[in-house]
There are 2 protein chains.
Amino acid sequence: MINYPNQKKEGTNNNKNDNSSNRGMSLEQDLDYTNKYYLHHNIANIHKKPTPIQIVKVDYPKRQAAKITEAYFKLPSTTDYNGIYQGKYLDFEAKETRNKTKFIFTNIHKHQIEHLKSVIYHGGIAFFIIKFTSFNEVYLLSAQIVIDAINSGAKSLSYDIINAEGFLIKQGYQPRLDYLKAIDQLINLR
Amino acid sequence: MINYPNQKKEGTNNNKNDNSSNRGMSLEQDLDYTNKYYLHHNIANIHKKPTPIQIVKVDYPKRQAAKITEAYFKLPSTTDYNGIYQGKYLDFEAKETRNKTKFIFTNIHKHQIEHLKSVIYHGGIAFFIIKFTSFNEVYLLSAQIVIDAINSGAKSLSYDIINAEGFLIKQGYQPRLDYLKAIDQLINLR
């Protein structure tokens, strides 16, 4: 683990060749590129769900596309990503944190945890992808570990636990975040 | 099959007890209620994806929720529904038609067909739910049948083929459209 002294180096990659391609990329962008790579190479079919919007008012100007003029963001009832890999249902939430010592649960909604529990119950693979932006490290962590922590009353997981229990995702050019390699490891453990 | 002479009787249910609950319900509403029933009874975890929206302008009024003031509908890149049932990945598109003799493919986008092919390739269960509103009949049809028809150059599937090759979904009160019963039949056939 490399603890960069300041946030300006966020996104710097250890592999010099990959440097420019990764600089300033958000986790969501990296996952979108990765999912496109998986899709076009017939490795998996995984998508980010659209942001849920409550539409209030729509104008229908002549000869033009319908224009939404009043709408509001809704709380998502599930996680952001799901799909299929080697016949298995995958479901996950992706989170970034600038915190260097822990991943705090404040942005995980109760219904998302209920959703992940349900996915596990039905035989799916539920996990989190957590990026520690200060270290430019991205981990894949079984959702069960977060569920267990929440059940025990914890409000966060320490970086050390995630480093020990999670799988560090290899960053590269194509794919940018090869998280299915970590899924292979997770499946072998079960 | 009962061919009602006029559309006013659309939504009329053969079971008198279920009549009022089903009248005027759209296929989407029926599926939403059904998916909630499946979720709360731990039968399956299946959701409709939010409508994809291109957000252009957002206002942030003080003390109020962020308000989207300019946005446009985007073409969906996948299907409307997906989820997990008995460890299996399910993916489908739901369509209603008033046509009494055929289901026309005009509203099925090319990338949706590519998506369903990909789902089948990865071992998922891909299908259509098609409602003939004139008859108040809802069918579950393997996506492979639609894919094969499109590959052969067809622009539609006849009602008779869907009636023969599809599975008529039982309508009721809870769940309204028990389409997983048809999935059980589909799985047993494979």
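About the thresholds
Within each chain, residues carry numbers counting from 1 in the order of the written sequence. A letter from A marks each chain and a number from 1 marks each ligand, given out in the order of writing. The predicted nature of this model means local features are confined to residues of pLDDT at least 70 and side-chain atom pairs, given and counted, to a pLDDT of 80 or more, with totals for whole chains, interfaces and linings taken over all residues. Note: side-chain values were computed over all heavy atoms of the structure, leaving out hydrogens and water. Only DSSP runs of H or I with at least four residues qualify as helices, and only runs of E with at least two residues qualify as strands; both kinds are numbered from the N terminus onward. Buried, partly exposed and exposed residues are distinguished by accessible area as a fraction of the type maximum, computed with a 1.4 Å probe on protein chains only: under 20%, between the cut-offs, and over 50%, respectively. By definition, residues are in contact when any of their heavy atoms lie within 4.5 Å. Note that accessible areas follow from Shrake-Rupley with a 1.4 Å probe, and for residues the cover is restricted to the protein chains shown. Defined here as a combined quantity, buried area equals the accessible surface (1.4 Å probe) lost by two parts on assembly, summed across both. The working definition used for a salt bridge is a side-chain nitrogen of Lys or Arg within 4 Å of a carboxyl oxygen of Asp or Glu. By the criterion applied in these results, polar contacts are pairs of N or O atoms within 3.5 Å in which, for protein atoms, one can donate a hydrogen and the other can accept it, and in which residues neighboring in sequence qualify only through two side-chain atoms. Three residue categories are used. Nonpolar comprises Ala, Val, Leu, Ile, Met, Phe, Trp, Tyr, Cys and Pro, charged comprises Asp, Glu, Lys and Arg, and polar comprises the others, including Gly. Here the rule is simple: two strands pair whenever DSSP picks up at least two bridges between them. Every axis in this analysis is a line fitted to C-alpha atoms, fitted for helices over the stretch in contact. Angles between the N-to-C directions lie between 0 and 180 degrees. Residue count minus one, scaled by 1.5 Å, sets the expected span of a helix. Aromatic rings from Phe, Tyr and Trp, with only the six-membered ring used for Trp, were paired whenever their centres fell within 6.5 Å, and each pair was classed as stacked if the ring planes differed by under 30 degrees, edge-to-face if by over 60, and tilted otherwise. Only residues with pLDDT of at least 70 in both copies count here: their C-alpha atoms drive the least-squares fit that superposes the copies. Working rule for angles: under 35 degrees goes down as roughly parallel, over 145 as roughly antiparallel, 65 to 115 as roughly perpendicular, anything else as oblique. By definition, any crossing whose near helix is turned counterclockwise from its far helix by less than a right angle is left-handed, and any crossing with a clockwise turn is right-handed.

So, on to the overall build of chain A. Helix and strand counts for chain A come out as six helices and ten strands. Every one of the 190 residues in chain A was classed for burial, and the buried ones make up 48%. Taking contacts inside chain A between residues at least 6 apart in sequence as the whole, the part at least 24 apart equals 63%. Split by element, the accessible area of chain A, about 10000 Å² in all, is 48% carbon and sulfur.

It is worth spelling out the interface of chain B and chain A at this point. The accessible area lost on association of the parts is a frequent measure of interface size. Each partner contributes to the interface: chain B provides 36 residues, whereas chain A provides 36 residues. When chain B packs against chain A, close to 2900 Å² is buried across both sides, 65% of that on carbon and sulfur atoms. The tally of links from chain B across to chain A stands at zero salt bridges. Across the contact surface, chain B and chain A share nine residue pairs in polar contact (both at pLDDT 80 or more). Looking at the side of chain B that touches chain A, the elements that each hand over two or more residues are β1 (45-48), β2 (53-59), β3 (67-73), β4 (81-85) and α3 (110-121) of chain B. Grouping the amino acids of the side of chain B that touches chain A by side-chain chemistry returns 18 nonpolar, 15 polar and three charged.

Residue and element names in this part refer to chain A. Taken in spatial order, the six strands line up as β1-β4-β5-β7-β8-β10 in an open sheet, and their pairing is mixed. Strands at the two margins of the open sheet, each flanked by one partner only, are β1 (45-48) and β10 (167-168). Note: β1 against strand β4 (residues 81-85), four bridges, orientation antiparallel. Its bridge partner lying in β4, Lys48 is registered against Tyr81. In the packing of helix α4 (residues 143-151) onto the sheet, contacts are made with β7 (125-132) and β8 (137-142), and the angle to β8 comes to roughly 75 degrees.

So, about helix α3 (residues 110-121) of chain A. For α3 of chain A, built from twelve residues, the straight-helix expectation of 16 Å at 1.5 Å per residue is met to within 8% by its first-to-last C-alpha distance of 17 Å. Regarding α3 of chain A, the residues found buried are Gln112, Ile113, His115, Leu116, Ser118 and Val119 of chain A. On its buried side, α3 of chain A packs onto β5 (88-97), β7 and α4 of chain A together with α2 (27-40), β1 and β4 of chain B.

Position of Gln86 of chain B among the secondary structure elements: in the loop between β4 and β5 (88-97). Note: C-alpha distance between Gln86 of chain B and Ile43 of chain B (43 residues apart in sequence) is 8.0 Å.

Residues and elements named next belong to chain B. If you trace the six strands from one edge of the open sheet to the other, you get β1-β4-β5-β7-β8-β10, paired in mixed fashion. Both outer strands of the open sheet, β1 and β10 (167-168), are each paired with one neighbouring strand and no more. Sheet topology places β5 next to strand β7 (residues 125-132); eight bridges connect them, and they run parallel. Bridge pairing links Asp91 to Ala126 in β7. Docked against the sheet, helix α4 (residues 143-151) engages β7 and β8 (137-142), running at close to 75 degrees with respect to β8.

Attention shifts here to the packing of aromatic side chains. Residue and element names in this part refer to chain A. Under the criterion given, the structure shown has 27 aromatic pairs over all chains. With centroids separated by 5.0 Å and ring planes inclined at 85 degrees, the aromatic side chains of Phe132 and Tyr159 adopt a geometry described as edge-to-face. On the criterion of sequence distance, the pair formed by Phe132 in strand β7 and Tyr159 in helix α5 (residues 159-165) is long-range, its members being 27 residues apart. Residue class for Phe132 comes out buried when judged on its relative accessible area of 0%. What makes Tyr159 buried here is its relative accessible area of 4%.

With that settled, the discussion passes to the relation of the copies chain B and chain A. Between the two copies of the chain lies a rotation about an axis combined with a shift along it. Between chain B and chain A, which share one sequence, the superposing operator has a rotation angle of 180 degrees and an axial displacement of 0.0 Å; the RMSD is 0.0 Å. Between the two chains, the operation in question is that of a two-fold axis. Taking C-alpha positions as the reference, the residue of chain B nearest the rotation axis is Thr69 of chain B, at 2.3 Å. Both copies share a contact surface, since 100% of the interface residues of chain B are interface residues in chain A too.

Residue and element names in this part refer to chain A. With respect to burial, β4 is a largely interior element, five of its five residues being buried. Of the two faces of β4, the one holding Tyr81, Gly83 and Tyr85 and the one holding Asn82 and Ile84 are both buried throughout. Across five bridges, β4 lies against β5 in antiparallel orientation. By the bridge assignment, Tyr85 is partnered in β5 with Lys88. Between β4 and β5, which pair antiparallel in sequence order, lie two residues; one of them, Gln86, sits at a positive phi of approximately 50 degrees.

Attention now moves to the packing of α3 of chain B against α4 of chain B. All names here are of chain B. Across the interface, α3 lies against α4 with an axial gap of 10 Å and an inter-helix angle of 125 degrees. Comparing their axes, α4 and α3 come out oblique. Helix-helix and strand crossings are classified by hand; for α3 and α4 the assignment is left-handed. Here Ile113, Leu116, Lys117 and Ile120 of α3 come into contact with α4, specifically with Ala143, Gln144, Val146, Ile147, Ile150 and Asn151. Among the residues making up the contact of α3 with α4, the classes are represented as seven nonpolar, two polar and one charged.

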